[in-house]
Amino acid sequence: MIKALAKLAYNVYYVPPIHLLGTRVSQEVLRSSLVVKLIFGMRILSKEELSVYFSKPPIYFGLTTYLLATVLRRRLRELPSLKLLEIGVGAYAVLSGYLSRFGTQTVDAIDIDPACIESAQKHVELNQVGVRVFQSDLFSNIPAQTYDLIFWNMPYTELPPHAYLPRLFEAVPDFMNKNAQLLLSYGTKTLPRETILQFLNHYPPLRVDEVKTWAWNVHEVISIGLAKN
């Protein structure tokens, strides 16, 4: 019944007039510093301060940011000593900053964009959170070490998956502890799960451990671990 209602709501949302209104409302929410503070406890620089880094600042967070946060927060509450790495920290370090308050270790975070790195570092200092940021194209510029949880709110609306998934799956095992997991969040309307699995099938060292879905939306978080020998 819940799934049926969620599917109905989803279909109604994509009726053009409703979708247009819903998109405008959601964009306002995702650009609200008050909402970011309420949900993630993170302060955002003023628009004037952000203009130093961006002519048009990115949105503060997305639905997949929130969903990934809920999954990872649960893991950290069970084992706060887990070592984390975020790929694609973005301009505000919202997710890493939020999660750093639930763990005992500094969260490492990377991004390829130098403007995002500068802005993220400023937000780390502003919020006094335990996050260490690196400018890096995936793992190319971070210290050689392993992690318990590596996570990425993937750029599924910005880049085709072949631009990043093969390189990610090829390199990530070297940065995973024995029982580590790679968690990826995405929207299935733009990036179907089957597409991710097609790429993953080419990398035997990795396997799917779990796929977290929600009845009320079409976004998912997939957990990938190392295959057992």
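Please refer to the structure placed before this passage.
Residues numbered from 1 in each chain as written. Predicted model: local features only at pLDDT ≥ 70, side-chain atom pairs only at ≥ 80, totals over all residues. Heavy atoms only, no water.

1. Observations regarding the packing of aromatic side chains
Stated formally: The pairing test for Phe, Tyr and Trp rings, Trp by its six-membered ring, is centres within 6.5 Å, and the orientation test on the planes gives stacked under 30 degrees, edge-to-face over 60, and tilted for anything in between. The helix count covers DSSP runs of H or I at least four residues long, the strand count covers runs of E at least two residues long, and both are numbered beginning at the N terminus. Each residue is placed in one exposure class: buried if its accessible area under a 1.4 Å probe, protein chains only, is under 20% of its type's maximum, exposed if it is over 50%, and partly exposed if it falls in between.
Evaluation of the coordinates by the stated rule reveals eight aromatic pairs. Between the aromatic rings of Phe40 and Phe61, the centroid separation amounts to 5.3 Å while the plane-to-plane angle is 70°, which identifies the pairing as edge-to-face. Separated by 21 residues along the polypeptide, Phe40 in helix α3 (residues 33-40) and Phe61 in the loop between α4 (47-50) and α5 (63-78) bring together distant segments of the chain. Take Phe40 and Phe61: they sit in the same class, and that class is buried. Considering the side-chain rings of Phe40 and Tyr98, the 5.6 Å spacing of their centres and the 90° angle between planes classify their relative orientation as edge-to-face.

2. Here's the deal with unusual backbone geometry
Positioned with a positive phi, Ala93 is a non-glycine residue whose angle comes to about 55°. If you trace the backbone, Ala93 turns up in the loop between β1 (84-87) and α6 (94-100). A positive phi angle, close to 55°, is found at Leu138, a residue other than glycine.

Fair warning: the whole summary comes from geometry, so function is off the table for now.
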